[in-house]
Amino acid sequence: MMNNKSSEQRMQYYSETFDFYMDSEDHPDFEPANDILGQYIQSVVADNPQLDSQNPLWTEILKDDLMRFLQALLSLYEPIEKEHDKQSKMIYAFTKANMNGKRKMWNVVSQTIKQFYAAQEVNIEGYINQMQQMDEESKSMVLSVLAKDWEKANDEYMERIEKEILDKNKNIWECSVRDHGIEDYERVRKIEHVFYRYPALTEIVKIIGREQPENKKEQDDILFKYKPLIVSNHMTFKEVEEITTGRNLSHLVPTEIAFLADSFTESVFYQKFTSYKLQLFSNRSKILGQEKTKQQICDKPRLQIGPIIVAVDTSESMYGQPEKIANSLLIQLVRMAKKQRRKCFLVTFSVKAQTIDLAHPANWDKLKDFLDHGFSGGTNGEEMLKIALRVLETETYSLADILIISDFEFSKPIKNTIDKMCEERAMGVRFYGLQIGTASREYDKILDRIWKV
């Protein structure tokens, strides 16, 4: 059943369910039976056929609002599902116990059934009366039937209460969507307007999205091969081309040996020997083998489209237009990540860093709270980088692209942090930056690339 999954898993499932129903009218193969919220998602999509012909932004807004609503419902369902799980375990233990074990559990079992179920659901008094005149074997059979009735009633109770909660709240949510949908749409359109005013932001999304390589070097490897243009012929000592100087005694010219014949000229020979001026036969060719370079361009395998880590400076210096630019880029990156089903991790940093793992739809609501919250405080870039590097060590965000959005009015990282960045870069990680304002140049050589607006 769906309640056996964590809230994050269920929100991921509901996000995929919405996408499925937008593309198809059939039921997804992965939809469990009696899933009230899954059925409600289908009805919402069916009640809004105009989404297919409208700006896709309407679909995104509806989905985000619906996911927030479902997240709120799951929090209301939590105590109900905990009680359901508690009783399911009790039913299993009661079923597996022998008669002595059932007697020990009987007081708790009977009180639980009386508290939660009406007589038409589980007639506990009827079972008690029936067993008064029975032997042990017959009582065991009756208790087995009781356990089955209890199990069925437990499932039906949870489904009924959850449906009542949905019915009570869905009209409120649907009215809110109708009343505020246009307002949300216009708000996002304004953010998009800021985004498209700066061409650098579009380029960042394309590169982070791996729609195009950052540069040619990122795309290809160049191999250099060295081959001789003219191969030198092998020379023997007899094939003499010229006379040279040196002190290789095996190549001495005969006239040099004559100096050793007389004691008066012997000193001349040793002087020429020590100064490398003895005349020698040379067996090297005047025309030497020359080398040429052959350049070959080979495709370099691109990294697969992977996760993204976005760090946004929320300090006071980013207040105003820089905040709008940062938010507009962040929203586009999150939209791209959702569309490509990529994991996205958000780090916000000022005096203290905070994180939101947007890989989980359950956390999407936190993004809206972040966008509605103003920027303030100082800047601690070192803490932000340490968090990003720790996230890179996780399996989910290994080899992620990292983008820092800031005015970069903070100190350079310490040596240990720079060394770790170099290690990750060698593995294929890319560190990018969007600098809003051009005053600081501290990070120009630390990051792989910085765009400035």
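Anyway, here's the lowdown on the structure attached to this text. (Residues numbered from 1 in each chain as written. Predicted model: local features only at pLDDT ≥ 70, side-chain atom pairs only at ≥ 80, totals over all residues. Heavy atoms only, no water.)

Right, let's talk about the pattern of salt bridges for a bit. Overall, the coordinates contain 20 salt bridges when judged by the stated rule. When the shortest N-O distance is used, the salt bridge between Arg10 and Glu81 registers 2.8 Å. Taken together, the residues Arg10 in helix α1 (residues 7-23) and Glu81 in helix α3 (residues 56-96) connect sequence positions 71 residues apart. On the basis of relative accessibility, which here comes to 6%, the residue Arg10 falls in the buried class. Of the charged contacts in the structure, one is a salt bridge between Asp65 and Arg68, with a shortest N-O distance of 2.2 Å. Here Asp65 and its partner Arg68 are both found in helix α3, 3 residues apart, which amounts to about one turn of the helix. One salt-bridge network, in which partners are shared between bridges, spans Glu60, Arg189, Glu192 and Arg335. (Salt bridge = Lys/Arg side-chain N within 4 Å of Asp/Glu carboxyl O. Helix = DSSP H or I, 4+ residues; strand = E, 2+ residues; numbered from the N terminus. Buried < 20%, exposed > 50% of the residue type's maximum accessible area, 1.4 Å probe, protein only.)

Quick look at the pairing of strand β9 (residues 430-435) now. Counting buried residues along β9, 6 of its 6 residues qualify, which places the element largely inside the surrounding structure. Residues Arg430, Tyr432 and Leu434 line one face of β9 and the alternating positions Phe431, Gly433 and Gln435 line the opposite face, and both faces are buried. Between the parallel pair strand β8 (residues 401-406) and β9, the chain is carried across by helix α14 (residues 415-427), and the sense of this crossover is right-handed. (Right-handed = clockwise from strand over helix to strand, strands pointing away.)

Before going further, it helps to examine unusual backbone geometry. We note that Leu399 has phi near 60 degrees; this positive angle belongs to a residue other than glycine. Topologically, Leu399 is positioned in the loop between α13 (381-392) and β8. Among the residues examined, Leu399 registers a relative accessible area of 28% and is labelled partly exposed. Notably, Phe408 is not glycine yet its phi reads approximately 55 degrees, a positive angle. Mapped onto the secondary structure, Phe408 falls in the loop between β8 and α14. Judged by relative accessible area, Phe408 falls into the buried class, the value being 1%.

The next subject is the environment of Asp444. Along the chain, the position of Asp444 falls in the loop between β9 and β10 (449-452). The partly exposed category is assigned to Asp444, whose relative accessible area is 27%. Taking C-alpha positions, Asp444 is 9.0 Å from Gly433, a pair spaced 11 residues apart along the chain. Apart from the residues lying within four places of it in its own chain, the contact partners of Asp444 are Gln435, Ile450 and Lys452. (Contact = heavy atoms within 4.5 Å.)

Topologically, Asp313 is positioned in strand β5 (residues 308-313). It is Lys452 that comes nearest to the buried, bridge-free Asp313 among opposite-charge side chains, at 14 Å. One polar contact links Asp313 to Ser315, side chain to side chain, over a distance of 2.7 Å. (Lys, Arg positive; Asp, Glu negative; His and termini not counted. Polar contact = N/O pair within 3.5 Å; in protein donor to acceptor, adjacent residues only side chain to side chain.)

Right, let's talk about α14 for a bit. With 13 residues, α14 extends 19 Å from end C-alpha to end C-alpha; this agrees with the ideal 18 Å at 1.5 Å per step. Of all the residues in α14, the buried ones are Thr417, Met421 and Glu424. Buried positions in α14, seen along its axis, are confined to an arc of 65 degrees and lie on one side of it. Within α14, the exposed residues directed more than 90 degrees away from the buried face are Lys415, Glu423 and Ala426. On the buried face of α14, the contacting elements are α13 and β9. Taken from the residues just after α14, Gly428 is the one with a positive phi, measuring 120 degrees. (Expected span 1.5 Å × (residues − 1). Arc of directions from axis to C-beta.)

Right, let's get into the packing of aromatic side chains. All chains considered together, the criterion is met by 16 aromatic pairs. Ring centres of Trp58 and Tyr185 lie 4.3 Å apart, and the angle between their planes is 5 degrees; on these two criteria the pair is classed as stacked. Of this pair, Trp58 sits in helix α3 while Tyr185 sits in helix α6 (residues 136-196), placing them 127 residues apart in sequence. Classification of Trp58 as partly exposed rests on a relative accessible area of 24%. Seen from their ring centres, Phe116 and Tyr117 are 6.2 Å apart, and the 45 degrees between their planes marks the pair as tilted. (Phe/Tyr/Trp six-rings, centres within 6.5 Å; stacked < 30°, edge-to-face > 60°.)

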